[in-house]
Amino acid sequence: LTTPSYAKSALLGFHDRSHVPVLGPGSYHARQDDLISDLRTLAGRDVMIVTDDPKDLQDAPAWFARSELKTLTVHGVSFPVLFGQGFNYAVYREQVLQLVANRYYRTPAWLQRLVAPNDFCTRYDLRPRAP
């Protein structure tokens, strides 16, 4: 069970009393989930992405061997859900995690000698690229 944003994951996790990871680039708020989740553990697994906006799911099918978009209705509320089978971590790493590293974890050149590599880039073996 995942969502495409930190706010959605926090809300769903609160009601489910569990941690709900962010799957997708998210915003700068999703960087909080970067401290908790290790998306390598999803490799090959089936994943459900829940959202309230179908646009959140447009890139997600590429991250799976197979996927199916459905609309679920719970207590009269309908929402889009992507059921993904066989999470392709390698594709996700290149399409999403590299983008996140470039956007949020790039250390300015003048500061690189003074700070250690960040945990996110180390965990996923990423090197942020210049814009």
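Conventions we followed
- Residues numbered from 1 in each chain as written.
- Predicted model: local features only at pLDDT ≥ 70, side-chain atom pairs only at ≥ 80, totals over all residues.
- Heavy atoms only, no water.
- Salt bridge = Lys/Arg side-chain N within 4 Å of Asp/Glu carboxyl O.
- Buried < 20%, exposed > 50% of the residue type's maximum accessible area, 1.4 Å probe, protein only.
- Helix = DSSP H or I, 4+ residues; strand = E, 2+ residues; numbered from the N terminus.

A. Representation of the pattern of salt bridges in the model. Inspection of the entire model under this criterion finds 8 salt bridges. Two residues, E68 and K70, come together in a salt bridge whose shortest N-O distance is 4.0 Å. For E68, a relative accessible area of 43% corresponds to the partly exposed category. A relative accessible area of 36% places K70 in the partly exposed class. Residues R129 and E94 are paired through a salt bridge, measuring 3.9 Å at the closest nitrogen-oxygen approach. With R129 in the segment after helix 4 (119–124) and E94 in helix 3 (residues 89–104), this pair connects stretches of sequence that are 35 residues apart. Residue classification places R129 among the partly exposed residues on the basis of a relative accessible area of 44%. The exposure class assigned to E94 is partly exposed, which follows from its relative accessible area of 41%. A network of salt bridges, in which partner residues are shared, links K8, D52 and D56.

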